[in-house]
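Okay, here's what each chain looks like letter by letter:
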Amino acid sequence: MYTLDHSRTNIRTYVRHAVSKKNDAKDKEENGESATFEWKELLYVPNIMDYMRVYFLWLAITSENYPFEQKGANFALYYTVSYLLDAFDGMAARALGQTSHLGYYLDMVIDRISSVLCLYTASEALKVNSMVPEDAVNLTVAACYFLIVAVEIVAHGIVVYNAEVLGIHQKKMGYDFAIVRLYLDSKAMLFYGCANFELCLLGVIMNEPLIVLIGFPGFVFRAIANLARLWACVTMKTEKKEA
């Protein structure tokens, strides 16, 4: 009797779980979040905007005497156009009902390519301009390389892996830190951090100290918030292993 009741309980649990998964999949499909791919998504307007982002980044690094042609102005121009397209592709996706997993991953990967490219170009500019004292150049360049690896690749990579593969909610990653809550909860602060990150680096590339000073606080804010999330992810994994 115990075995029969136990089997019935398992069957009911399995059915409820299957129905729940089916409903979740249906909800995602209705909200345009289905993981399935359709060829028409390649021609979605927001995805075309992402392709154009890559094109302008390519122009930024293939212009003659990259990256210091006209004191970095050409790089800054093409990079800014690419960045502005990023600001509007999400709006276009929602307005046209063209959200897709392809668009989500395109946007995310191109964001990282853009940030890495800007950090690397700024590090190259620091080697030849007089933005920082000569004896601090190597340390500043090393800091740029550290941010490329720690923030743009490792921190963002772990957050995406935890969210997409392990199903851990993003707010569980570093949300204990006040700076992370401020960074994630406020769209204004998120924009402030991200926009000034780019502004500060473009100021370095163009050798414009005033622009660097304006963008530097937001640059530091974004860097610390993402390093805090990285620390939270690392300690969270350590705790799981100990458990």
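Along each chain, residue indices are assigned from 1 in the same order as the chain's sequence is written. Restriction of local features to residues with pLDDT of at least 70 applies here, the model being predicted, together with a cutoff of 80 or more for giving and counting side-chain atom pairs; totals for whole chains, interfaces and linings are based on all residues. Heavy atoms from the whole structure form the basis of all side-chain values; hydrogens and water molecules are not counted.

Caption draft 1: Here's a closer look at the overall build of the chain. For the chain, the count of helices and strands is 8 helices and 0 strands. In the chain, the share of contacts with a sequence separation of at least 24, taken over all contacts with a separation of at least 6, comes to 74%. Method for areas: the Shrake-Rupley scheme with a 1.4 Å probe, in which residue coverage is limited to the protein chains shown. As displayed, the chain has an accessible area near 14900 Å², and 65% of this comes from carbon and sulfur atoms. In DSSP terms, a helix is any run of H or I states spanning at least four residues, a strand is any run of E spanning at least two, and both are numbered starting from the N terminus. Residues are treated as being in contact if the distance between any of their heavy atoms lies within 4.5 Å.

Caption draft 2: Local environment of a nonpolar patch on the surface. Exposure above 30% relative accessible area and the lack of any salt bridge qualify a residue for a patch; like charges then connect within 9 Å, and the nonpolar side chains Val, Leu, Ile, Met, Phe, Trp and Tyr within 5 Å. Any Lys or Arg side-chain nitrogen located within 4 Å of an Asp or Glu carboxyl oxygen qualifies as a salt bridge. Where nonpolar side chains cluster on the molecular surface, the patch consists of Phe37, Trp39, Leu42, Leu43, Ile48, Tyr51 and Met52 and spans about 730 Å² of accessible area. Take Leu42: its relative accessible area is 30%, and that puts it in the partly exposed class. Working definition: with a 1.4 Å probe on protein chains only, accessible area under 20% of the residue-type maximum means buried, over 50% means exposed, and in between means partly exposed.

Caption draft 3: Broad picture of the nonpolar core. In this text, buried Ala, Val, Leu, Ile, Met, Phe, Trp, Tyr and Cys residues form a nonpolar core when linked through side-chain atoms within 4.5 Å. Within the largest apolar cluster, 29 residues are counted, with the highest numbers of intra-cluster contacts made by Phe75, Leu119, Leu201, Leu202 and Phe219. Element by element, the count of residues in this core is highest for helix α4 (residues 101-126), at 7 residues. Here Leu201 is in contact with Cys118, Leu119, Ala122 and Phe219, once residues within four sequence places are set aside. Residues Ile168, Met173, Cys233 and Met236 belong to the second largest nonpolar core, which totals 10 residues.

Caption draft 4: Quick peek at helix α2 (residues 45-62). Over its 18 residues, α2 extends 26 Å from the first C-alpha to the last, a length consistent with the 26 Å expected when each residue adds 1.5 Å. Where α2 is concerned, the buried positions are Pro46, Asn47, Met49, Asp50, Arg53, Phe56, Leu57, Leu59 and Ala60. Buried residues along α2 sit in contact with α3 (73-96) and α4. Expected span of a helix: the number of residues minus one, times 1.5 Å.

Caption draft 5: The arrangement of the layout of surface pockets in detail. Throughout, the protein atoms alone are placed on a 1 Å grid, and a set of points is a cavity if a 1.4 Å probe fits but cannot get out or a pocket if it is open with protein on both sides within 12 Å along at least five of seven lines; lining residues have an atom within 4 Å of a point. Grid points are joined across faces, edges and corners, and a volume is the space filled by probe spheres set on the points. Approximately 240 Å³ is the volume found for the second largest pocket. Here the lining of the second largest pocket takes 4 residues from helix α5 (residues 137-164), the largest share from any one element. When the residues that make up the lining of the second largest pocket are grouped by side-chain class, the tally is 13 nonpolar, 1 polar and no charged. Note that Gly is not counted as nonpolar here; it falls among the polar residues with everything else outside the nonpolar set of Ala, Val, Leu, Ile, Met, Phe, Trp, Tyr, Cys and Pro and the charged set of Asp, Glu, Lys and Arg.

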